[in-house]
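Spelled out from the first residue to the last, the chains are:
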Amino acid sequence: MGQEHIEIHLPSRLWYIEPVLAFLKQLAQQIGFCQQRIADIQLAIDEICGNAIEHGSEGDDKGIAISIDVNDHQLDILVRDKGTRDRGSWLTAEKLEEISQRRAPDRERGHGIYMVEELSDEVKMEPNSFGGTDVRVRFSLSTDEQRRRDTNPSNKPDD
Amino acid sequence: MSNGSMTVRENSDVTVIEVQDDLGSYVASDLRENLEDLLGSKTQKIIVNLGSVQHINSTGVGAIVGAAKRIRQRGGDVKVCGLADNIKRTFDLTGASSVVEIYESESSAISAF
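We now turn to the structure provided with this report. (Residues numbered from 1 in each chain as written. Chains lettered and ligands numbered in written order. Predicted model: local features only at pLDDT ≥ 70, side-chain atom pairs only at ≥ 80, totals over all residues. Heavy atoms only, no water.)

Points about the overall build of chain B
Rules: Numbering of helices and strands runs from the N terminus; a helix is a DSSP stretch of H or I covering at least four residues, while a strand is a stretch of E covering at least two. Every radius of gyration here is taken over C-alpha atoms, with the globule rule written as 2.2 Å times N^0.38, N being the number of residues. Relative accessibility thresholds used throughout: buried, under 20% of the residue-type maximum; exposed, over 50%; partly exposed, between the two (1.4 Å probe, protein chains only).
What chain B contains, in helices and strands, is 4 helices and 5 strands. Ordered by position from the N terminus, the helices and strands of chain B form the series β-β-α-β-α-β-α-β-α. In terms of C-alpha radius of gyration, chain B reaches 12 Å, essentially the compact-globule figure of 13 Å for 113 residues. Along the longest, intermediate and shortest principal axes, the C-alpha atoms of chain B span 30 × 30 × 25 Å. Across the 113 residues in chain B, those meeting the buried criterion constitute 53%.

Remarks on the pairing of strand β3 (residues 74–81) of chain A
Residue and element names in this part refer to chain A. Here is the rule we go by: In this analysis, strands are considered paired if DSSP registers two or more bridges between them.
Within β3, 7 of the 8 residues are buried, which leaves the element mostly enclosed by the surrounding structure. Where strand β2 (residues 64–70) lies against β3, 7 bridges are found, and the strand directions are antiparallel. Each residue of the ladder has a partner; that of Ile68, found in β3, is Ile77. Hairpin connection of β2 to β3: 3 residues between the antiparallel strands. Bridging between β3 and strand β5 (residues 133–140) involves 7 bridges; their strand directions are antiparallel. Bridge pairing in β5 places Asp76 opposite Arg138.

Comments concerning the sheet that holds strand β1 (residues 4–10) of chain A
Across a sheet, paired strands are connected by hydrogen bonds in the backbone, their directions being either parallel or antiparallel. Residue and element names in this part refer to chain A. What counts is decided by this rule: Between the N-to-C directions of two axes lies an angle of 0 to 180 degrees, each axis being a line fitted to C-alpha atoms and, for a helix, fitted only over the stretch in contact. Between two residues, a contact is recorded if the distance between any of their heavy atoms is within 4.5 Å.
Across the sheet, 5 strands lie side by side as β1-β2-β3-β5-β4; this open sheet has antiparallel pairing. Each edge of the sheet is formed by a strand with only one pairing partner; in this case those strands are β1 and β4 (122–127). Ignoring strand direction, the axes of neighbouring strands in this sheet form an average angle of 10°. The strands touched by helix α1 (residues 17–31) are β1, β2 and β3; relative to β2, the strand with the most contacts, the crossing angle is about 5°.

Points about the packing of helix α2 (residues 58–72) of chain B against helix α3 (residues 85–94) of chain B
Residues and elements named next belong to chain B. As a reminder of what qualifies: For classification purposes, an angle smaller than 35 degrees is called roughly parallel, one larger than 145 roughly antiparallel, one from 65 to 115 roughly perpendicular, and anything else oblique. The nonpolar class holds Ala, Val, Leu, Ile, Met, Phe, Trp, Tyr, Cys and Pro. Asp, Glu, Lys and Arg form the charged class, and all remaining residues, Gly among them, are polar.
In contact at an axis separation of 10 Å, α2 and α3 are set at 70° when each is read in the N-to-C sense. Classified by the angle between their axes, α2 and α3 sit roughly perpendicular to one another. In contact with Ser58, Val61 and Ile64 of α2, α3 contributes Thr90, Phe91 and Thr94. When the residues that make up the contact of α2 with α3 are grouped by side-chain class, the tally is 3 nonpolar, 3 polar and no charged.

What about the interface of chain A and chain B?
Quick reminder of the rule: Buried area adds together the accessible area that both of two parts lose upon being put together, with accessible area traced by a 1.4 Å probe. Salt bridge, as applied in this entry: a Lys or Arg side-chain nitrogen positioned within 4 Å of an Asp or Glu carboxyl oxygen. Identification of polar contacts relies on pairs of N or O atoms within 3.5 Å, with a donor-acceptor requirement for protein atoms, meaning one able to donate a hydrogen and the other able to accept it, and with residues adjacent in sequence counted only if both atoms are side-chain atoms.
At the interface, 24 residues of chain A touch 23 residues of chain B. For the pair chain A and chain B, the summed buried surface comes to about 1,900 Å²; carbon and sulfur atoms form 53% of the total. At the boundary of chain A and chain B, one finds 1 salt bridge. Put simply, B:Arg89 and A:Asp40 hold a salt bridge, and the shortest N to O gap is 3.0 Å. Counting across the interface, chain A meets chain B through 5 residue pairs in polar contact (both at pLDDT 80 or more). When residues of the side of chain A that touches chain B are traced back to their parent elements, those giving at least two are α1, α2 (35–54) and α4 (112–119) of chain A. At 8 residues, the largest contribution of residues to the side of chain A that touches chain B is made by α2(A).

Here's the deal with the packing of aromatic side chains
To keep things clear, this is the line we draw: Any Phe, Tyr or Trp ring, taking Trp's six-membered ring, that has another such ring centre within 6.5 Å forms a pair; planes under 30 degrees apart are called stacked, those over 60 apart edge-to-face, and the others tilted. By the criterion adopted, a ring carries a charge over it if an Arg CZ or a Lys NZ lies within 6 Å of its centre and within 35 degrees of its normal.
Tallying each qualifying case throughout the model produces 1 aromatic pair over all chains. For the pair A:Trp15 and A:Tyr16, a centre-to-centre distance of 5.1 Å together with 85° between the ring planes defines the contact as edge-to-face. The exposure class assigned to A:Tyr16 is partly exposed, which follows from its relative accessible area of 27%. One Lys or Arg, B:Lys79, reaches over the ring of B:Phe113 and ends 4.5 Å from the middle of that ring.

Focus on the pattern of salt bridges
Residues and elements named next belong to chain B. Taken as a whole and judged by the stated rule, the model has 14 salt bridges over all chains. A salt bridge links Arg70 to Glu36; the nearest nitrogen and oxygen atoms lie 2.9 Å apart. Placement of the pair is Arg70 in helix α2 and Glu36 in helix α1 (residues 25–39), with a sequence separation of 34 residues. The partly exposed category is assigned to Arg70, whose relative accessible area is 33%. Residue classification places Glu36 among the partly exposed positions, given a relative accessible area of 37%. The shortest N-O distance in the salt bridge between Lys79 and Asp77 comes to 3.4 Å. As far as burial versus exposure is concerned, Lys79 and Asp77 are alike and both buried. The network of salt bridges with shared partners includes Arg72, Asp77, Lys79 and Glu101.

So this is what it looks like as structure tokens:
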């Protein structure tokens, strides 16, 4: 598999996240990620897309965009929302500070972005020029996963 | 009672919500509604059985944590059971493992009330 680029545009409805997670599962399996890492990828993208829809685009028709760059050893995923009319980006220093200060095990919300940091190999979150938020995450095959895939040709992605 | 993604049933004086679908952002709102309905009734003992769930996000965990906090104010509790390893991992990542009691099986969760 060379470097491939995939674009997905979703309406701002939570229902559409699930089919994306199913697609990512298959993609991650093809690359050779183990089951635990695939679950991590799905959970991280669920959290990011949920934020993008609930806080970054709910109530308008802009939707969200998911860009995936894939090669035979890693997945780079960008989730982009264009902000809401009244609030703009949900990711500001003030909001992050507020979430951080209020975070506690018995809080119902505010855990998602911290989970994404734990689950991904790299993460970058920043306001974008559209008035919304970009969240970029990277998942790389571990040495063990790469070795396992390379010794089992049935797991190897097609060239 | 069943709404497709979960079943609500009685086991003596314990109400069991058995979740049959993965608890992503969409289905998590169903769980929240079911729990809100139970909080509006006289039910004091609730078990959320996650034995068929392969995926849960922080919204789903948050719904359980929120319900547990509210029902404890009137002397009740919400316990969870049947967590696969990656479901337990989500409870650990959010810190919910330290807030909600987790049991291997439904019977052990019922016995703990």
